[in-house]
Amino acid sequence: MNKKTIQSNLMLLLTALIWGVAFVAQSVGMDYVEPFTFNASRNFLAALVLLPVIRLLDRSAARRGEENPEPKKSHGGKWLIFGGYLCGILLAASSGFQQVGIQYTTVGKAGFVTAIYIIIVPLLGIFIGKKVHLNVWISVALAAVGLYLLCMTESLSLGRGDLLVLGCAFCFSLHILVVDTISPHVDGVRMSWLQFLVCGILSGILALLFEKPTLSGILAAWQPILYAGGLSSAVGYTLQIVAQKNTNPVIASLIMSLESVFSALAGWVLLHQELSLRELAGCVIVFCAIILAQLPPRQNTVAPGKFL
């Protein structure tokens, strides 16, 4: 495993931590505003946060003599626009499904069903000609078992909310694969900014159509919106896009699935909610799955073009 891959995996681990704590912000935010209003607010804030970041990065590149006379081409051109719009649409769909679905199901079920993307990603990858090594499949199975132990405290049954959150998992799986395909060709921060803008606009349209957004409600929810927009979106999703340039999408999904583990740990540390032995076992199994996924396969068993 080279240095860039290690750095990217650490960035994805930080992303999972940020997203795990964001479950608290999302839950609290729903006390003041409705789902699409919350999503529109957090994504517009995320796009706003990234504007000065992009400017600073451009200035830094110019000082190093890396300025290109054709900026649109150097930042990805058509790839950037296509990727930004497509990721924005998928992000709007996944976040919408999750935010609405969490109203009709328990947090435990929502966490588990959302994390099913660790299974959906390699399955979708097969349909586009990708192959996955055996140790990754074993990791996927272990992670699924660990997340079940961690999150499922009731009997497994898919109700209205569970199906909506399952839609989130499917859309986010597509998002991961799109990022994996396009991110090597574009400026990751610019693509992230564009996806937030598109997601914010789409979520805003849905809020105006189906909800009654108020400025007072948005201001009352400023703290959860600030965390969800400034950290979970602006930092988390940008780290995802940048990091996925140098890591495998299946491994990326496994690392990001740790958001469920960090969500449980955040509840333990911040809200003094104790973890049962079953939940602790789930945490251990998920971490073992992540470690197994990082182990390099035997060179004589890997065909060209395979993941890892």
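Residues numbered from 1 in each chain as written. Predicted model: local features only at pLDDT ≥ 70, side-chain atom pairs only at ≥ 80, totals over all residues. Heavy atoms only, no water.

Trainee: Could you clarify how one ought to interpret empty space enclosed by the protein in this entry?
Mentor: Per the stated rule, a full pass over the model turns up 2 cavities of 30 Å³ or more. Considering only enclosed or pocket space, the largest cavity measures out at about 210 Å³ in volume. Every element with two or more residues in the lining of the largest cavity is listed here: helix H1 (3–29), helix H2 (35–63), helix H4 (77–101), helix H8 (160–182) and helix H11 (222–243). Its residues placed into classes, the lining of the largest cavity shows 8 nonpolar, 8 polar and 2 charged. Surrounding the second largest cavity, Phe112, Ala115, Ile116, Ile118, Ile119, Ala144 and Leu147 form its lining. Listing elements by their share of the lining of the second largest cavity, those giving two or more residues are helix H6 (117–127) and helix H7 (134–151). (1 Å grid on protein atoms, 1.4 Å probe; cavity = no way out; pocket = protein on both sides within 12 Å on 5 of 7 lines; lining within 4 Å. Points joined across faces, edges and corners; volume = space filled by probe spheres on them. Helix = DSSP H or I, 4+ residues; strand = E, 2+ residues; numbered from the N terminus. Nonpolar A, V, L, I, M, F, W, Y, C, P; charged D, E, K, R; others polar.)

Trainee: What should I look at first to understand the side chain of Ser94 in this one?
Mentor: Considering the arrangement of structural elements, one finds Ser94 in helix H4. Apart from residues no more than four positions distant in its own chain, Ser94 is found in contact with Cys168, Cys171 and Phe172. (Contact = heavy atoms within 4.5 Å.)

Trainee: Looking at this structure, I do not really get the environment of Gly146. What am I missing?
Mentor: Structurally, Gly146 can be placed in helix H7. The spatial distance from the C-alpha of Gly146 to the C-alpha of Phe287 is 8.6 Å, given a sequence separation of 141 residues. In this view, Gly146 contacts Gly282, Ile285 and Val286; residues no more than four positions away in its chain are not counted.

Trainee: Sorry if this is basic, but what is going on with the packing of aromatic side chains here?
Mentor: In this description, a pair of aromatic rings is defined by centroid distance and the angle of the planes. A complete count under the given rule lists 5 aromatic pairs for this structure. With 5.6 Å between their ring centres and 75° between their planes, Trp19 and Phe172 make a pair best called edge-to-face. Here the residue Trp19 occupies a position in helix H1, and Phe172 occupies one in helix H8, the gap between them amounting to 153 residues. Geometrically, the ring pair formed by Phe172 and Tyr237 is edge-to-face, given 6.3 Å between the ring centres and 80° between the ring planes. Here Phe172, found in helix H8, pairs with Tyr237, found in helix H11; they are 65 residues apart in sequence, far enough to count as distant. Look at Tyr237 and you get buried, because its relative accessible area is 12%. Taken together through their ring pairs, the aromatic side chains of Trp19, Tyr117, Phe172, Phe196 and Tyr237 make up a single cluster. (Phe/Tyr/Trp six-rings, centres within 6.5 Å; stacked < 30°, edge-to-face > 60°. Buried < 20%, exposed > 50% of the residue type's maximum accessible area, 1.4 Å probe, protein only.)

Trainee: Is there a simple way to think about the packing of H1 against H11 in this case?
Mentor: To describe two helices that pack against each other, one gives the angle between their axes and the distance between the axes. Between H1 and H11, whose axes approach to 9 Å, the crossing angle comes to 155°. Here H11 runs roughly antiparallel to H1, going by the angle between their axes. Crossing of H1 over H11 shows left-handed handedness. Of the residues belonging to the contact of H1 with H11, the class tally is 18 nonpolar, 6 polar and no charged. (Axes fitted to C-alpha atoms, helices over the stretch in contact; angles between N-to-C directions. Parallel < 35°, antiparallel > 145°, perpendicular 65-115°, else oblique. Left-handed = near helix turned anticlockwise from the far one by under 90°.)

Trainee: What should I look at first to understand the side chain of Asn43 in this one?
Mentor: With respect to the helices and strands, the residue Asn43 is situated in helix H2. Setting aside chain neighbours within four positions, we find Asn43 in contact with Leu91, Phe196, Cys199, Gly200 and Ser233.

Trainee: Looking at this structure, I do not really get the pattern of salt bridges. What am I missing?
Mentor: Once their charged atoms are close, side chains differing in charge can pair, the charge on each being opposite to the other. A full pass over the atoms with the stated rule returns 2 salt bridges. Note that Arg190 is salt-bridged to Asp187, the shortest N-O span being 3.2 Å. Its relative accessible area of 17% is what places Arg190 among the buried residues. Within this structure, Asp58, Asp187 and Arg190 form a network of salt bridges that share partners. (Salt bridge = Lys/Arg side-chain N within 4 Å of Asp/Glu carboxyl O.)

Trainee: Looking at this structure, how should I read the environment of Pro249?
Mentor: Position of Pro249 among the secondary structure elements: in helix H12 (residues 249–256). Between the alpha carbons of Pro249 and Ile118 there is a distance of 9.5 Å; along the sequence they are 131 residues apart.

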